[in-house]
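Below, each chain spelled out in residue letters.
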Amino acid sequence: QVQLVESGGGLVQPGGSLRLSCAASGSIFRIYAMAWYRQAPGKQRELVATFSNDDTRTYADSVKGRFTISRGGAKNTVSLQMNSLKPEDTAVYYCTADLQRDDGDLLQDYWGQGTQVTVAS
């Protein structure tokens, strides 16, 4: 099967930095695009950043200039470098992937289990 496992969350003070990582494993033939979403309590899920198959990167306006998405050389990992963190960045962060399994099945928006990021003094 396929797994996406996020890591790197935690508690950080305002103005601090965190780096989230997500590793895909299992019966994967190819990963096309990866992205990070977040969801804060009582709020709608928000698309934070995307890294598409052609290496195009996009960001939510709320994180532009502060967050950077990158993918590993093997293309099965994605990271999110988060700088100048604000309390409003507090949320559960999820990694997603559009991928093709070894059996040929295409999976869109395959989700990880999430990692908590808390920005507080």
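Description of the structure in this document. (Residues numbered from 1 in each chain as written. Predicted model: local features only at pLDDT ≥ 70, side-chain atom pairs only at ≥ 80, totals over all residues. Heavy atoms only, no water.)

### Digging into the pairing of strand β3 (residues 18-26)
- Bridging between strand β1 (residues 2-7) and β3 involves 6 bridges; their strand directions are antiparallel. By the bridge assignment for β3, Ser 7 is matched with Ser 21.
- Inspection of the sheet shows β3 paired to strand β8 (residues 77-82) by 6 bridges, in the antiparallel sense. Note that in β8 the partner of Arg 19 across the bridge is Gln 81. (Pairing = 2+ DSSP bridges. Helix = DSSP H or I, 4+ residues; strand = E, 2+ residues; numbered from the N terminus.)

### Observations concerning the state of the cysteines
- Considering all chains together, one arrives at 1 disulfide under this definition.
- One disulfide bridge connects Cys 22 with Cys 95, the sulfur atoms lying 2.1 Å from each other. On the sign convention where negative is left-handed, the bridge of Cys 22 and Cys 95, at about -75° about the S-S bond, is left-handed. With Cys 22 in strand β3 and Cys 95 in strand β9 (residues 91-101), this pair connects stretches of sequence that are 73 residues apart. (Disulfide = S-S within 2.5 Å.)

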